[in-house]
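# Residue-level structure breakdown
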Amino acid sequence: MTDVGGTSDAVAFVGEWNGPVVATSVHAGHELRPEIAEAMVLDEAERFREEDPFTDRLAAVVPDHVVTRRSRFEADLNRPRREAIYRTPDDCWGLDVWRDGELSDELYEGSLSTYDAFYDALAPRLDALAERGPPRRRRRATGPGVGEPRGQRRHRQRRHRPVRPAGRALHG
């Protein structure tokens, strides 16, 4: 597990990351930094409803996946950086989230650090995946002789269907 935003166990990169598919679960988390939790007035049930609990179970279907444990109310990791931190109710569906009505600059900067740390940890893994490119597709052999040694394929006798004269086929 990787240290993100100053707290251990905030994100888990699971698997070898050498396959063609990676799943992400960026909203499964419910944890908050202590200073964010102190500033928050949103009740637990409302917060849980707006997070996407159990999406980590969907991501786990893919061998290579990433699961975050931080709440989207700390940093919404699937938004662009400039929109990732909910400062006012307009940023998060009209919800009153913060004790003073707006997230302080200090807490905002800390949450941006969480966001940046996540993408700093994710980037090299995705870069390596992109560098490998898509898996090469092997052509699948089909037809007569599949599974026979190469030399025998050429020398097999071919069976031909008898050809009916065109005139008889057309006129019955």
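Heads up: these notes are all about the structure in this document. (Residues numbered from 1 in each chain as written. Predicted model: local features only at pLDDT ≥ 70, side-chain atom pairs only at ≥ 80, totals over all residues. Heavy atoms only, no water.)

In this section: the overall build of the protein chain. The number of helices and strands found in the protein chain is 6 helices and 4 strands. Reading the helices (α) and strands (β) of the protein chain from amino to carboxyl end gives β-β-β-α-α-α-β-α-α-α. Counting every position in the protein chain, which comprises 172 residues, the buried fraction comes to 33%. Within the protein chain, residue pairs in contact and separated by at least 24 positions form 71% of the contacts whose partners lie at least 6 positions apart. Of the roughly 12,100 Å² of accessible surface on the protein chain, 49% is carried by carbon and sulfur atoms. (Helix = DSSP H or I, 4+ residues; strand = E, 2+ residues; numbered from the N terminus. Buried < 20%, exposed > 50% of the residue type's maximum accessible area, 1.4 Å probe, protein only. Contact = heavy atoms within 4.5 Å. Areas by Shrake-Rupley, 256 points an atom, 1.4 Å probe, with all protein chains shown as cover.)

Given a rise of 1.5 Å per residue, 28 residues ought to cover 40 Å, and the 41 Å separating the end C-alpha atoms of helix H4 (residues 105-132) matches this to within 8%. The largest bend in H4 comes to about 30°, at Ala123, with the proline Pro124 one to four residues further on. When we look at burial in H4, the residues that qualify are Leu107, Tyr108, Ser111, Leu112, Thr114, Tyr115, Phe118, Ala121, Leu122 and Leu129. Gly133 occupies a position one or two residues after H4 and carries a positive phi of about 75°. (Expected span 1.5 Å × (residues − 1). Bend = angle between axes of the 7 residues up to and from the residue.)

Before going further, it helps to spend a moment on the packing of aromatic side chains. Following the criterion strictly, the structure yields 7 aromatic pairs and no others. Look at Phe73 and Tyr86: their rings are 5.4 Å apart centre to centre, the planes differ by 75°, and that puts the pair in the edge-to-face class. Separated by 13 residues along the polypeptide, Phe73 in the loop between strand S4 (65-68) and H4 and Tyr86 in the loop between S4 and H4 bring together distant segments of the chain. Side by side, Phe73 and Tyr86 carry an identical accessibility label, which is buried. An angle of 75° between the planes, with centres 5.6 Å apart, marks the rings of Tyr86 and Trp93 as edge-to-face. Assessed through its relative accessible area of 0%, Tyr86 is described here as buried. Under the relative-accessibility criterion, Trp93 is labelled partly exposed at 45%. Between the NZ or CZ atom of Arg87 and the centre of the ring of Tyr108, over which it lies, the distance is 4.2 Å. Over the aromatic face of Phe13 sits the side chain of Arg125, whose NZ or CZ is 3.8 Å from the ring centroid. (Phe/Tyr/Trp six-rings, centres within 6.5 Å; stacked < 30°, edge-to-face > 60°. Lys NZ or Arg CZ within 6 Å of the ring centre and 35° of its normal.)

This next bit is on the environment of Phe54. Relative to the assigned elements, Phe54 resides in the loop between helix H2 (44-50) and helix H3 (55-59). Taking the C-alpha atoms as reference points, Phe54 and Gly29, 25 residues apart in sequence, are found 8.8 Å from one another.

With that settled, the discussion passes to the nonpolar core. In this structure, Met40, Phe73 and Val97 are the most contacted members of the largest nonpolar core, which totals 28 residues. Every element with two or more residues in this core is listed here: strand S2 (7-14), helix H1 (34-39) and H4. Among the elements that line this core, the one with the most residues is H4, at 7 residues. Residues within four places of Met40 in sequence aside, it is in contact with Leu32, Arg47, Phe73, Val97, Trp98 and Arg99. (Core = buried A, V, L, I, M, F, W, Y, C linked by side-chain atoms within 4.5 Å.)

Quick look at the side chain of Glu74 now. With respect to the helices, strands and loops of the structure, Glu74 is situated in the loop between S4 and H4. In this structure Glu74 comes out as buried when scored by relative accessible area, which is 0%. Discounting residues that sit within four places of it in the chain, Glu74 has contacts with Glu31, Leu32, Arg33, Ile36, Ile85, Ser111 and Thr114.

Note that Thr68 resides in strand S4. Not counting residues within four places of it along the chain, the set of residues in contact with Thr68 comprises Ala10, Val11, Ser25, Val26, His27, Ala28, Gly29, Leu77 and Phe118.

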